[in-house]
Amino acid sequence: MRVIKIGGHELDQPSFLEGLIAALRRMRPLPLLVHGGGKAVSAWQQRVGLTPRYIGGLRVTDDETRELAVMTLAGLTNKSLVAALTQAGLPALGLCGADLALVRVEPLPELGWVGKPSTVDAERLRHWLAEGLLPVIAPIGLGPGGLYNVNADQMAAAIAAALPAEELVFLTDVPGVQAEGMVRPSLRAREAEALIAAGVIRDGMIPKVRSALEALAAGVRRVRITNLSGLEAGGTEILAEA
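Report follows, based on the coordinates. (Residues numbered from 1 in each chain as written. Predicted model: local features only at pLDDT ≥ 70, side-chain atom pairs only at ≥ 80, totals over all residues. Heavy atoms only, no water.)

**A short note on the sheet that holds strand E8 (residues 134-138)**
Now for step 1: Reading across from one edge, E5-E8-E2-E1-E11-E15-E16-E14 is the order of the 8 strands in this open sheet, with mixed pairing throughout. Pairing within the sheet leaves two strands with one partner each, and these edge strands are strand E5 (92-96) and strand E14 (186-188). Looking at each pair of strands side by side, their axes are set apart by 20° on average, direction ignored.
Now for step 2: Examined bridge by bridge, strand E15 (residues 222-226) and strand E16 (residues 236-239) share 3 bridges and lie antiparallel to one another. Paired with Arg224 across the bridge in E16 is Glu237.
Now for step 3: Each of strand E2 (32-35), E5 and E8 is contacted by helix H4 (residues 63-87), which is oriented at about 170° to E5, the strand it contacts most. (Pairing = 2+ DSSP bridges. Helix = DSSP H or I, 4+ residues; strand = E, 2+ residues; numbered from the N terminus. Axes fitted to C-alpha atoms, helices over the stretch in contact; angles between N-to-C directions. Contact = heavy atoms within 4.5 Å.)

**Concerning the packing of helix H7 (residues 189-197) against helix H8 (residues 205-217)**
Now for step 1: At their nearest, the axes of H7 and H8 sit 11 Å apart, and the two run at 160° to each other. Between H7 and H8, the crossing angle belongs to the class labelled roughly antiparallel. Of the two elements, H7 crosses H8, and the hand of that crossing is left-handed. In this structure, H7 uses Ala189, Ala192, Glu193 and Ile196 to contact H8, whose residues at the interface are Ile206, Val209, Arg210 and Leu213.
Now for step 2: Classifying every residue of the contact of H7 with H8 by side-chain character gives 6 nonpolar, no polar and 2 charged. (Parallel < 35°, antiparallel > 145°, perpendicular 65-115°, else oblique. Left-handed = near helix turned anticlockwise from the far one by under 90°. Nonpolar A, V, L, I, M, F, W, Y, C, P; charged D, E, K, R; others polar.)

These figures capture arrangement, not role.
If you want it as structure tokens, here you go:
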């Protein structure tokens, strides 16, 4: 069982979507997909005169930004991806974490309407996977007072841990975690934290690496960060301490 997290930046590229569809057609059993869409949310923020703000790589989400995030992530981004997969003959089922309370979250008050996954309805997800469906989950969760924006890396890690998945893959636009101009084939927790402290790992890569470590600690057997060309075997494998 495999969970694949797709960045929103990649979904804007037709060649990426074509390559993803080709890769999914070769996979049996089908994986579960979690997608982001931060680039699209930022674009909508700017359209209405809002300035995107981040703390530790996580988007600060006020009332207006929450509306835009739900509209963009659970709406246009999710349904556009599902439509493309379905037209290609894949049995995609588009959802967000709030549907059937699939993913409940604990609020992160310093970030506004942002939550971190606390519980996942893994039984329902396993049922859909066993039926041969391809769940496609947007990073909107259910918490106190309603809907919460969720970092897609954290959403993917929580779902992978709950299933539990044999492998979690973070698909991004780079071939892996880079240090000193080279892609690291593997990275352990202490090394990762040192690279974060040194500013080598920064911005959106920080929640990817930390989510990978959390997934490993929760029982996911293998976690990788890679691009589409490395989906089968490449990228950086994140390792727990020996």
